[in-house]
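Read off the chains here:
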Amino acid sequence: MHAHHASHTRLLSTATVRSTRPAGVNAVIVPTARPYGYLRDAAELVKDLNCQLIVLCSKWADAGRALDLAADVGVRVVTVDIDDDQPRLPDLRTSSMLNEHGWRRFSRKTDTSLKRNVGLALARMVGWRFVLFLDDDIRVEEPGDIWDAAALAETHAAVGLVNQGFPDNSVVCHAYRRTGGIQGTFVGGGALVVQVNRTTSFFPNIYNEDWFFLLNGHGIDPVTTVGKVTQKEYDPFRDTVRARGEEFGDTLAEGVYALLDDGKTIDAADAGYWEAYLTVRRDFIQQVLQRLPRAIVADEAERQRMAAALAGAHGRSLTITPDLCVEYLRAWSADRRLWQSWLGKLPHKPSAEAALRYLGLKPHVA
């Protein structure tokens, strides 16, 4: 183990078979925390796909306004405010352990994982075959790409849409690219078609939760990519909060996937491995910091923001221990078994709104 792995594409299936009679997706599930206007692209896509739209709202998103927008576009929609009621999902150790004394700095404040897990449970109860998870800042250029993805999902656990817009990377990897590094991207939950009955995984509440979702107990499930999407641009270096908040999840995911790149299994991620990998990670961040003079930036203020973000990531890295990494992966493995058992006991429900009510939520239906 000597360097940062800038790409993990070797782990993907190379399947290219396209069905002439694509099944399509049963629903598009959008976890959103932004104002309702961000949902228009998703609603237009759902209209083209002739499926159902599920909108899981919190923060600045509002289920009532989301319902009105979707109705204006003319699509079948169910919306719900996650802020109002916490859904009845299993108590996951990967969430509770990071809220304990000493580890709270690693706790993730977003609810994207929660919403995606609600979507998985909902899809299982209703009996859907394929769903598209779609973030509200991602645009699908061609609806036909979703049909192709659903066709590939017949033989894959998940199929990602290739992001050709703003790269979906961590702050550290964005900085690496901006300083001349050749940095790839991987399959993300922002545009992901899932075969509902095949997956038994969940989204842990951690950065790179989608990378963990794609894993089974030892390696990666059959996953491939097709088509294209574009993600809206944002400033990854606006403050140091993002970089610090991502560091634990980025370290864990990059560390696990580096093992898989090398032909090993997750079982090899013991304390000795993490001790060595944490050195690799910290050296990588320091190398990017040293490359900052050559960074492509708008002005010197942006370069200073990049430096502050990288310093924040490095400082957070210094608080991550090998034992914490081992403990988290042990908790994740136990949570996978708990999630699988819980999924298997879910009852069938006749509709998305009935499934949401079973989870203790109050759906809005057009």
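These remarks concern the structure in this document.

Rules behind the numbers
Residues numbered from 1 in each chain as written. Predicted model: local features only at pLDDT ≥ 70, side-chain atom pairs only at ≥ 80, totals over all residues. Heavy atoms only, no water. Helix = DSSP H or I, 4+ residues; strand = E, 2+ residues; numbered from the N terminus. Expected span 1.5 Å × (residues − 1). Buried < 20%, exposed > 50% of the residue type's maximum accessible area, 1.4 Å probe, protein only. Bend = angle between axes of the 7 residues up to and from the residue. Pairing = 2+ DSSP bridges. Patch = residues over 30% accessible without salt bridge, like charges linked within 9 Å, V, L, I, M, F, W, Y side chains within 5 Å. Areas by Shrake-Rupley, 256 points an atom, 1.4 Å probe, with all protein chains shown as cover. Salt bridge = Lys/Arg side-chain N within 4 Å of Asp/Glu carboxyl O. Lys, Arg positive; Asp, Glu negative; His and termini not counted. Charge placed at Lys NZ, Arg CZ, Asp CG, Glu CD.

A few words on helix 4 (residues 112-126). With 15 residues, helix 4 extends 21 Å from end C-alpha to end C-alpha; this agrees with the ideal 21 Å at 1.5 Å per step. For helix 4, the buried fraction is high: twelve of the 15 residues fall into the buried class. Immediately downstream of helix 4, the backbone of G127 shows phi near 90°, a positive value.

Our next topic: helix 8 (residues 241-261). When the terminal C-alpha atoms of helix 8 are compared, their 30 Å separation across 21 residues agrees well with the 30 Å that a helix rising 1.5 Å per residue should span. At E247, helix 8 is bent by approximately 40°, the largest bend along its length. Most of helix 8 is tucked away: 17 of the 21 residues are buried. In the stretch just after helix 8, G263 is the one whose phi turns positive, near 80°.

What follows deals with the pairing of strand 4 (residues 130-134). If a strand is regular, its side chains alternate between the two faces of the sheet. Counting buried positions over the five residues of strand 4 gives five, a clear majority of the element. Judged by which residues are buried, strand 4 turns out to be covered on both faces: F130, L132 and L134 on one side and V131 and F133 on the other are all buried. Where strand 1 (residues 27-32) and strand 4 come together, three bridges link them in parallel fashion. Counted as the bridge partner of I29 is F133 from strand 4. Here strand 4 runs beside strand 7 (residues 191-195); their pairing, made up of five bridges, is antiparallel. If you follow L132 over to strand 7, its bridge partner there is V193.

A contiguous patch of negative charge, built from D62, D68, D83 and D84, is present on the exposed surface. You can see D62 is positioned in the loop between strand 2 (52-57) and helix 2 (63-73).

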